[in-house]
Amino acid sequence: MQTTTAVDLGDPDLYTSLDRHARWREYAAEDAMVWSEPGSSPTGFWSVFSHRACAAVLGPSAPFTSEYGMMIGFDRDHPDNSGGQMMVVSEQDQHRKLRKLVGPLLSRAAARKLSDRVRAEVRDVLDRVLDGQVCDVAAAIGPRIPAAVVCEILGVPAEDQDMLIDLTNHAFGGEDELFDGMTPRQAHTEILVYFDELITARRASPGDDLVSTLLSDDELSVDDVVLNCDNVLIGGNETTRHAITGAVHAFATVPGLLERVRAGSADVDTVVDEVLRWTSPAMHVLRVTSGDVTINGRDLPPGTPVVAWLPAANRDPAVFDDPDTFRPDRKPNRHIAFGHGMHHCLGSALARIELAVVLREVAERVSRVDLVKEPAWLRAVVVQGYRELPVRFTGR
Ligand code: HEM
């Protein structure tokens, strides 16, 4: 089915309530292809929603590129400045080189090595929030763990980590009024300036961190190094914190989940995948056609932007039974929360370990999680995220 519509799907106001799922469900079930007129994106864009169509747009051999940018806001006349340099918006040789360099620092083995650090961070956070008071998980728990982990990978000294977490929240928290102290652009610039300083320090005294690894490649410019540190900082923080918050949300709302994880009768890795599917924190990815392409029966000329809505694909009724329900035992679970194809998330092993540790530690330390009120959602199109998740924990 093909649809043309006047709705601008890049309008962040559409995503602050659960109505978004009803819209996505309808589009995914129809395998719709929706056109958004110029507005949030100066050139307008097509959208796809079904699991099949999203996988086709992102697939390894799909005639699409990320080099002009991978988010709504795409402007044909002013493509992404970091295109061709930053991993997520680069292709071919540069992309292969960056994945090869950065991959080992985010691999399953590296993630396993970091799991003690993750556990220590989770325990520390839980010590602070298990005081019987109302805890906003979205602020107190979600952001802390991934930020600490990413800082570790980057080689950011402990004393700078709080500042970087704040800056990340400002830069990538969406157009929400919560983050209006500084414009997102200003916060992002601050992060890049900080990386410049970190590069100077690592040049003088290299370590086994990401900054030193990128610096060791003679072909990469300082600009390349800064942009790819930024890629890992954004990729690692922005999405994972909402998945972690979502894991606690699941504990509060899915009957018996806490007890089953504690007793070992639910397989934690399976639960992690269901958290990823159910939360789908990366809301969309954009691609631009690199040749003539036919999608859902519609012929698209080169240079056409197409957006794949990952949460819609992850609740596509053609692939997932009872898709809105969190099923701790869901298997198989072919979600595409980490994307699909060449740009499949490089930090997926790390994100999975973080989630597994959070699930186990919370189940170990907490006997009840009570929702104080329904979550509030970010006003954003890049991430599907929690603005506020107030809960009360009862310790064991
Ligand atoms: C790419 C989602 C955690 C680093 C991606 C993409 C998605 C995604 C959808 C593909 C973007 C595209 O196709 O254009 C997520 C989710 C996460 C998560 C849902 C957590 C729940 C992480 C972590 C890190 C990370 C923890 C690193 C510490 C990256 C990088 C890329 C990427 C470097 C670019 C890969 C490439 O272009 O080849 N992520 N991510 N992500 N992610 Fe993640």
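So, here is what we can say about the structure in this document. Since this is a predicted model, take the numbers as computed values, not measurements.

Things to note about the packing of aromatic side chains
Then comes step 1: Applying the stated criterion across every chain, the model contains 9 aromatic pairs.
Then comes step 2: Here the aromatic rings of Trp24 and Trp309 are separated by 6.2 Å at their centres, their planes lie at 40°, and the arrangement is tilted. With Trp24 in helix α1 (residues 19-30) and Trp309 in strand β9 (residues 305-309), the pair connects residues that are 285 residues apart, well separated along the chain. Both residues of the pair, Trp24 and Trp309, count as buried.

Considerations on the nonpolar core
Then comes step 1: The biggest cluster of nonpolar side chains holds 82 residues, and the ones touching the most others in it are Val102, Ile141, Phe195, Leu214, Phe251 and Phe393.
Then comes step 2: Considering each element in turn, this core owes the most residues, 11 residues, to helix α15 (residues 348-365).
Then comes step 3: Grouped together as the second largest cluster of nonpolar side chains are 24 residues, Ala53, Val57, Leu227 and Val306 included.

Things to note about the packing of helix α8 (residues 184-204) against helix α10 (residues 222-238)
Then comes step 1: Remark: α8 packs on α10, axes separated minimally by 10 Å, with the N-to-C direction vectors making an angle of 120°. When the interaxial angle is binned, α8 and α10 end up oblique. Handedness of the α8/α10 crossing: right-handed. Within the contact between the two elements, α8 uses His188, Ile191, Leu192, Phe195, Asp196, Ile199 and Arg203 and α10 uses Val222, Val225, Val226, Cys229, Asp230, Leu233 and Ile234.
Then comes step 2: A class-by-class count of the residues in the contact of α8 with α10 yields 10 nonpolar, 1 polar and 3 charged.

Here's the deal with the sheet that holds strand β10 (residues 366-371)
Then comes step 1: Strand order in this open sheet of 3 strands is β5-β13-β10, and the pairing throughout is antiparallel. Each end of this open sheet is capped by a strand with a single partner; those strands are β5 (134-136) and β10. Strand after strand, the sheet turns through a mean of 40° between neighbouring axes, direction not considered.
Then comes step 2: One ladder, built from 5 bridges, connects β10 with strand β13 (residues 390-395); its direction is antiparallel. Within β13, the position partnered with Asp370 by the bridge is Arg392.
Then comes step 3: The strands that α15 touches are β10 and β13; relative to β10, the one it contacts most, it runs at about 105°.

Remarks on the side chain of Thr279
Then comes step 1: Note on placement: Thr279 falls in helix α13 (residues 268-279).
Then comes step 2: Separated by 2.6 Å, the side chain of Thr279 and the backbone oxygen of Val275 make a polar contact.
Then comes step 3: When sequence neighbours within four positions are dropped, the list of residues in contact with Thr279 reads His242, Ala243, Gly246, Gln384 and Tyr386.

Points about unusual backbone geometry
Then comes step 1: The step from Lys331 to Pro332 runs through a cis peptide bond, and the omega angle for that step is 0°.
Then comes step 2: Mapping Pro332 onto the fold places it in the loop between α14 (310-313) and α15.
Then comes step 3: The phi angle at Asn296 is positive, at roughly 50°, despite the residue not being glycine.
Then comes step 4: With respect to the element layout, Asn296 can be found in the loop between β7 (293-295) and β8 (298-300).
Then comes step 5: Judged by its relative accessible area of 16%, Asn296 falls in the buried class.

Considerations on the coordination of the iron atom of the ligand
Then comes step 1: Exactly one protein atom donates to the iron atom of the ligand; that atom is Cys345 (SG), 2.3 Å from the metal.
Then comes step 2: By secondary structure assignment, the location of Cys345 is in the loop between α14 and α15.

Regarding the packing of α13 against α15
Then comes step 1: For the pair α13 and α15, the least separation of the axes is 9 Å and the interaxial angle reads 110°. Compared by their axis directions, α13 and α15 come out roughly perpendicular. Taken as a pair, α13 and α15 cross one another with a handedness that is right-handed. Facing α13, whose interface residues are Val268, Val271, Val272, Asp273, Val275 and Leu276, α15 presents Arg352, Leu355, Ala356, Leu359 and Arg360.
Then comes step 2: Its residues assigned to classes, the contact of α13 with α15 comprises 8 nonpolar, no polar and 3 charged.

About the thresholds
- Residues numbered from 1 in each chain as written.
- Predicted model: local features only at pLDDT ≥ 70, side-chain atom pairs only at ≥ 80, totals over all residues.
- Heavy atoms only, no water.
- Phe/Tyr/Trp six-rings, centres within 6.5 Å; stacked < 30°, edge-to-face > 60°.
- Helix = DSSP H or I, 4+ residues; strand = E, 2+ residues; numbered from the N terminus.
- Buried < 20%, exposed > 50% of the residue type's maximum accessible area, 1.4 Å probe, protein only.
- Core = buried A, V, L, I, M, F, W, Y, C linked by side-chain atoms within 4.5 Å.
- Axes fitted to C-alpha atoms, helices over the stretch in contact; angles between N-to-C directions.
- Parallel < 35°, antiparallel > 145°, perpendicular 65-115°, else oblique.
- Left-handed = near helix turned anticlockwise from the far one by under 90°.
- Contact = heavy atoms within 4.5 Å.
- Nonpolar A, V, L, I, M, F, W, Y, C, P; charged D, E, K, R; others polar.
- Pairing = 2+ DSSP bridges.
- Polar contact = N/O pair within 3.5 Å; in protein donor to acceptor, adjacent residues only side chain to side chain.
- Donors = N, O, S within 2.8 Å, 3.2 Å for Na, K, Ca; no water.

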